[in-house]
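Listed below, chain by chain, are the residues.
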Amino acid sequence: MPELPEVELTRRGIAKQLENACVRSVQLGKPLRWPLGIAPSELAGTHIGSIGRRGKYLWVPLTASHGGDAGGLLVHLGMSGSLALLQSPPPPGPHDHFDLVTDRGTLRLNDPRRFGAVVWSPSRSDDPAAKLLRHLGPEPFDPELTPSRFHASLRSRRAPIKAVLLGGEAVVGAGNIYACEALFQAGIHPALRADRISLPRATRLLQAVRSTLGRALELGGSTLRDFKDVHGASGAYQAEAAVYGREGQACGRCGAPIRRLTQAQRSTFFCASCQRR
DNA sequence: CGGGACGCCTGTGAGC
DNA sequence: TGCTCACAGGCGTCCC
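What counts and what doesn't
Residues numbered from 1 in each chain as written. Chains lettered and ligands numbered in written order. Predicted model: local features only at pLDDT ≥ 70, side-chain atom pairs only at ≥ 80, totals over all residues. Helix = DSSP H or I, 4+ residues; strand = E, 2+ residues; numbered from the N terminus. Buried ≥ 20, exposed ≤ 12 C-beta atoms within 10 Å, placed from the backbone. Contact = placed C-beta atoms within 7 Å. Near = placed C-beta within 6 Å. Nonpolar A, V, L, I, M, F, W, Y, C, P; charged D, E, K, R; others polar. Pairing = 2+ DSSP bridges. Arc of directions from axis to C-beta. Expected span 1.5 Å × (residues − 1). Axes fitted to C-alpha atoms, helices over the stretch in contact; angles between N-to-C directions. Core = buried A, V, L, I, M, F, W, Y, C linked by C-beta atoms within 7 Å.

Q: Quick question: what am I supposed to make of the overall build of chain A here?
A: Tallying secondary structure elements over chain A gives six helices and 11 strands in all. Summarising its shape, the C-alpha atoms of chain A cover approximately 60 × 35 × 30 Å along the three principal directions. Within chain A, the fraction of its 277 residues that count as buried is 41%. Partitioning the contacts of chain A with sequence separation of at least 6, the portion at a separation of at least 24 is 64%.

So this is what it looks like as structure tokens:
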């Protein structure tokens, strides 16, 4: 479900409310992708700091009651996860697998497929957080990610550009929907080898990634089947998607039918006429 | 090392 | 209506 815009919207939806909140308890449901890595009782009495994001991970920093660093929680929503901040939480349902009970409400992770995770780490730069974040490429809106740096990182990859975008080493944040959309916007065929992309086209692609993610943020993300933000609102981006999920429909630019192919075990949607190798 | 396949788990919609 | 199958927004791990 969630790509960078959805994760960032989730962060914005909870960060202010939870800053300085005191953790009362942690309740676990079924196992997620990885174990929490600490006894839940150890987290009681800690205070939440400023919630951050790196790629599609959220970082919830924790401070001990005496003011010392208590590490933090790395939260990933996987394919089907969503967070809600509930003032009067009903009993956990079958897909509610993590409750962070605080004096400002209960942060609840609902994740039917359980590809998501909540992992405690002594600090963001320590294992296991460091291990999970280490391979992430630059943030899409980092000004240090210049077109020439982006181009240089594409030049070392021989895989199809679509797979490289999904891999997140050249730039993080574009998952299957936004990678498809950005490639369409940049006029680049998804099967083109990354190292065959010229600097002008890489520049255009980086711009397309940024505008696609930025537009999704403005529209509240994408709701394909079940994404809701922390207030329960649906996103509107999917209605604007030019290619994603539109196999067989006419391309809005040229009228040719949108096509679908499989890359890295994921569906890619594209217009063979507008997107060139 | 880079690239690609696999597996994690459950739900949903299409087709029969 | 009920069954089976394909497919779903991610990503770490394993194998070549």
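After presenting the structure, the write-up continues.
Q: I keep staring at the protein's contact with DNA strand B and nothing clicks. Help me out?
A: With respect to spatial proximity, the complete set of residues near DNA strand B consists of Pro112, Arg113, Arg114, Phe115, Arg157, Arg158, Ala159, Ala163, Ala264 and Gln265. Classifying every residue of the surface near DNA strand B by side-chain character gives five nonpolar, one polar and four charged.

Q: Looking at this model, I keep getting lost on the pairing of strand β11 (residues 266–270). Mind explaining?
A: Of the strand pairs in this sheet, strand β10 (residues 259–263) and β11 are connected by five bridges, and their pairing is antiparallel. Its bridge partner being in β11, Gln263 is matched across the sheet by Arg266. Hairpin connection of β10 to β11: two residues between the antiparallel strands, including Ala264 at a positive phi of 50 degrees.

Q: Mind showing me how you'd approach helix α3 (residues 147–155) here?
A: For α3, the complete set of buried residues consists of Phe150, His151 and Leu154. The buried residues of α3 occupy one face: seen down the axis, they fall within an arc of 100 degrees.

Q: Just checking my understanding: could you explain the pairing of strand β7 (residues 96–102) for this structure?
A: Looking along a regular strand, one sees the side chains alternate between the two faces of the sheet. β7 sits mainly inside the fold: five of its seven residues count as buried. Pairing between strand β1 (residues 23–28) and β7: five bridges, direction antiparallel. Paired with Val26 across the bridge in β7 is Leu100. Strand direction decides the pairing type here: β7 and strand β8 (residues 105–110), joined by six bridges, are antiparallel. In the sheet register, Asp99 faces β8, and the bridge partner there is Arg108. The turn linking β7 back onto β8 is made up of two residues.

Q: What should I look at first to understand helix α6 (residues 199–218) in this one?
A: The periodicity of an α-helix, 3.6 residues per turn, causes residues three or four places apart in sequence to face the same way. Compared with an ideal rise of 1.5 Å per residue, which puts 20 residues at 28 Å, α6 spans 28 Å between its outermost C-alpha atoms and is within 8% of the ideal. Here α6 has its buried residues at Ala202, Leu205, Leu206, Ala208, Val209, Thr212, Leu213 and Ala216. End-on view of α6: buried residues confined to an arc of 160 degrees, all on one side of the axis. Residues of α6 that are exposed and point more than 90 degrees away from the buried face comprise Pro200 and Glu218. Those residues of α6 that are buried lie in contact with α1 (4–18), α3 and α5 (176–186). After α6 finishes, the residue Gly220 shows a positive phi value of roughly 85 degrees.

Q: Which parts of the structure should I look at to understand the sheet that holds β7?
A: Two pairing modes exist for strands in a sheet, parallel and antiparallel, and in both the strands are linked by backbone hydrogen bonds. The strand order β1-β7-β8-β6 describes an open sheet built from four strands, whose pairing is antiparallel. Of all the strands in the sheet, just β1 and β6 (82–86) have a single pairing partner and so form its edges. Here the strands of the sheet are splayed against their neighbours by 15 degrees on average, with no regard to which way each runs. The pairing of β6 with β8 spans five bridges and is classified as antiparallel. Across the sheet, Ala84 pairs through a bridge with Arg108, a residue of β8. Across the face of the sheet, α1 comes into contact with β6, β7 and β8 while running at roughly 30 degrees to β6.

Q: Honestly, the nonpolar core in this entry has me stumped. Any pointers?
A: The tendency in soluble globular proteins is for nonpolar side chains to be buried side by side. In this structure, Cys180, Ala182 and Leu183 are the most contacted members of the largest nonpolar core, which totals 71 residues. With eight residues, the single largest contributor to this core is α5. Ignoring sequence-local partners within four residues, the contact set of Leu183 consists of Ile161, Lys162, Ile188, Pro190, Phe270 and Gln275.

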